[in-house]
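Fold and geometry: a report
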Amino acid sequence: MTELREVAVVGGATTKFGLRAATWPELAQEAGAQLFRAVPGLDAKDVDSLFVGAAEPERFAFQSHVAPLAAEQMGLAPRRILQRTELACASGQSAIRSAYAAIASGLSDVAVAVGVEKMNLPSMAEANTSMACVMDRPWDGAHGATAPPFFAMVAQRHMLEHGTTAEQMAAVSAKNHRFANSNPNAQFHEKVFSTEKLLRLPLVSPPLRLGDCSSMTDGAAAVVLAARELVRGYTDTPAWIRGSGQYSDFHNLANAGSLTEWTGMRKAADEAFRSAHISVGDLDMAELHDCFSISEIIEYEALGLCPPGAGGAFAADGSSDLGGKIVVNPRGGLLGCGHPLGATGIAQAVEVFDQFAHRVPAARQVPDPNWALVHNLSGSANVHSMMIYQRGG
Amino acid sequence: MAGAVPTVGSGGRVPGPPEPPYDRPPFLLDFFPLEDAGQTRLAKFFDELRLGRLTTTRCPRDATMAWPPRVVCPTCHGEEMEWIELPKRGTVYAFSAVLAGAPLGMESDVPFVVGLVDLEGVALRLFGRIVGRPWDGCEIGMSVSVEPFDVPDGRVFYRFRAQP
Ligand SMILES: [Zn+2]
């Protein structure tokens, strides 16, 4: 195999996430402004490539061909690679992985990965319709399959098979909402959610309550990636990409197999750890895809942080909180920050970079983090995408 | 949602007599499959469903049974599929309900139950709507049967009905 170049994230930023009075192009402009402010050494002329994570702009913004649109909005003129990456909820990480591949292979030297999603529409039923076409639309979506009822079935089976409780699921949400209280860009930055309060919120899809579900969110985020020899021009604290992994083996729900054993995530993790030459015990923090509280519980198990079935207890006893075995979702997670599909994976990478640089408020700063993992699932957890970062400097 | 289908300038079609008003939801807001033989090679599935039979495709070379039905075998990539009839009874493996956040066209169905159903005697777990019992009266392991139902515009689809 050809020698790959080393690649690092050298800076990044996110817009405010939430119910935003801003269109898709305006969010892209904001991401550009935030990015250039966060990375003072960045010159637009140095950015040779742009990767745009966007899940459903055709449906949410009635706009295709968003890669050149984003470039124009951000004041960039890519001369090597310009492309959109679409992988539903993992579209943002897909943009970073593509930028990483481009730089590692030598096709790009400095690339921007931006994620943009505008999800709150005048008609929420129309937005929900778009969410249902992430599934196998004519065969599953037509029955009313959106994410909440699917992940509700996952939770129902996990409760049946492992005795997981509503209180344990609420513990995940309470932790991530608490972290979001120290993240001004989070959708629920100023909202306090105790476990007791979460358990009183209305059911959306039983057994999942409102607080077990991430929300429809408008937002954007961007990172810059650079080849090893150029890294020092941008930062003293690069986040080196040391490994990655991905796995998918089904799409239609009939082919999902066990709802509670996410074997695809296990396989993606095996590849990510193998390529980074580390094991799960080396991680200091992880940004896991908590689209629903039950997702984070099963992700602990699939990652090997705890035995199968023990994820609920792992959340409830503080093992995934500051002072625990690993800090999971210090950014506030999808539950606390909201989930603008294309932007989420990029915002997670921004958090890793800021954590490594000790640039986040103390209430969510992981003590001296050296290794971080970012995970996104997409659709019905039928794709798992992962990246592993190491602190440089 | 009525409005004439444009005939001039769209795909080079020759102007002809005016077409009847297009009274379906806009295609990009229409969940149900395209069913007729002019649009899909799987029209037989819907013809059989109309007669009350649930079917899918199987590869005669390696016996790979697929869901949803297909035109190419995912195992050997052969293109000669055969149709097989599936059992219509099954048991619920998991279920939930949509109490809020329904897609367009499904808002008036709320609350509705969906579930994954293990069909009897065949290795197939199908997702679908479950009717005939409120969500808080459903349980894992309960018996359901497959039934066709009419989509208002003349198409047909399937769902599960809880057994009494
Ligand atoms: Zn075959």
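Positions within a chain are numbered from 1, following the residues in the order the chain's sequence is written. Each chain takes a letter, starting from A, and each ligand takes a number, starting from 1, following the order in which they are written. For this predicted model, a pLDDT threshold of at least 70 governs which residues receive local features, and a threshold of 80 or more governs which side-chain atom pairs are given and counted, while totals over whole chains, interfaces and linings are taken from all residues. Only hydrogens and water are removed before side-chain values are computed, so all heavy atoms of the structure are retained for them.

Here we come to the domain arrangement of chain A. All names here are of chain A. Start and end points for every domain follow an automatic or database-based domain assignment. Split into domains, chain A comes out as domain 1 (7-122 + 217-231) and domain 2 (139-212 + 242-391). Contacts are assigned to residue pairs with any non-hydrogen atoms lying within 4.5 Å of each other. Counting residues at the interface gives 40 residues for domain 1, matched by 34 residues for domain 2. Two parts lose some accessible area (1.4 Å probe) when they are put together, and adding that loss for both gives the buried area. Both sides together, the interface formed by domain 1 and domain 2 hides about 2600 Å², and carbon and sulfur atoms give 63% of it. When the buried area of domain 1 at its contact with domain 2 is split by residue, F17, C89 and Q93 rank highest and sum to 27% of it. Between Lys or Arg on one side and Asp or Glu on the other, a salt bridge is scored when a side-chain nitrogen of the former is within 4 Å of a carboxyl oxygen of the latter. Applying the counting rule to domain 1 against domain 2 returns zero salt bridges. Pairs of N or O atoms within 3.5 Å make up the polar contacts considered here, provided that, within protein, one atom can donate a hydrogen while the other can accept it, and that residues adjacent in sequence are counted only when both atoms are side-chain atoms. At the junction of domain 1 and domain 2, the tally comes to 14 residue pairs in polar contact (both at pLDDT 80 or more).

Here we take up the coordination of the zinc ion. All names here are of chain B. Looking at the zinc ion, one finds its protein donor set to be C59 (SG), D62 (OD), D62 (OD), C73 (SG) and C76 (SG), positioned 2.2 to 2.7 Å from the metal centre. Coordinating N, O and S atoms are those within 2.8 Å of the metal (3.2 Å for Na, K and Ca), and as water is not part of the atoms, a site may appear to have fewer donors than expected. We note that the donor set of the zinc ion lies within a single chain, spaced as C-x2-D-x10-C-x2-C. In this pair, C59 sits in the loop between β1 (55-58) and β2 (65-66) while C73 sits in the loop between β2 and β3 (82-85), placing the two residues 14 residues apart along the sequence. Each member of the pair C59 and C73 is classed as buried. By the criteria applied, helices consist of DSSP H or I runs no shorter than four residues and strands consist of E runs no shorter than two, each listed in order from the N terminus. Classification of residues uses two cut-offs on accessible area relative to the type maximum, computed with a 1.4 Å probe and protein chains only: under 20% is buried, over 50% is exposed, and between them is partly exposed.

Residue and element names in this part refer to chain B. For Phe, Tyr and Trp, rings pair up if their centres lie within 6.5 Å, where Trp contributes its six-membered ring, and each pair is then called stacked (planes under 30 degrees apart), edge-to-face (over 60) or tilted (otherwise). Per the counting criterion, the structure on display carries 16 aromatic pairs over all chains. With a centroid separation of 6.3 Å and 80° between ring planes, the pair formed by F149 and F157 is classed as edge-to-face. Put simply, a charge is over a ring when the Lys NZ or the Arg CZ is close to the ring centre, within 6 Å, and near the line of the ring normal, within 35 degrees. Sitting above the plane of the Y93 ring, R125 keeps its charged end 3.4 Å from the centroid. Taking NZ or CZ as reference, R129 lies 3.7 Å from the ring centre of F112, over its face.

Before going further, it helps to examine the interface of chain A and chain B. Contacts between the two partners involve 36 residues from chain A and, on the opposite side, 40 residues from chain B. Each partner contributes to the roughly 3100 Å² buried at the junction of chain A and chain B, and carbon and sulfur atoms together form 65% of this total. Considering only the surface of chain A that becomes buried against chain B, W139(A), H143(A) and M153(A) emerge as the three largest contributors, covering 24% of it. Linking chain A with chain B are zero salt bridges. Among the secondary structure elements, those contributing two or more residues to the side of chain A that touches chain B are α5 (124-132), α6 (147-162) and β5 (203-205) of chain A. Considering every element that reaches the side of chain A that touches chain B, the biggest residue donor is α6(A), with seven residues. Looking at side-chain class alone, the side of chain A that touches chain B contains 16 nonpolar, 13 polar and seven charged residues. Each residue gets one label: Ala, Val, Leu, Ile, Met, Phe, Trp, Tyr, Cys and Pro are nonpolar, Asp, Glu, Lys and Arg are charged, and the others, such as Gly, are polar.

Okay, unusual backbone geometry next. Cis geometry is adopted by the peptide bond preceding P207(A), which originates at P206(A) and carries an omega value of 5°. Relative to the elements of secondary structure, P207(A) occurs in the loop between β5 and β6 (208-209). Of note, the amide linkage connecting V110(B) to P111(B) takes the cis form, showing an omega dihedral of 0°. Look at A63(B): it is not a glycine, yet its phi comes out positive at around 65°.

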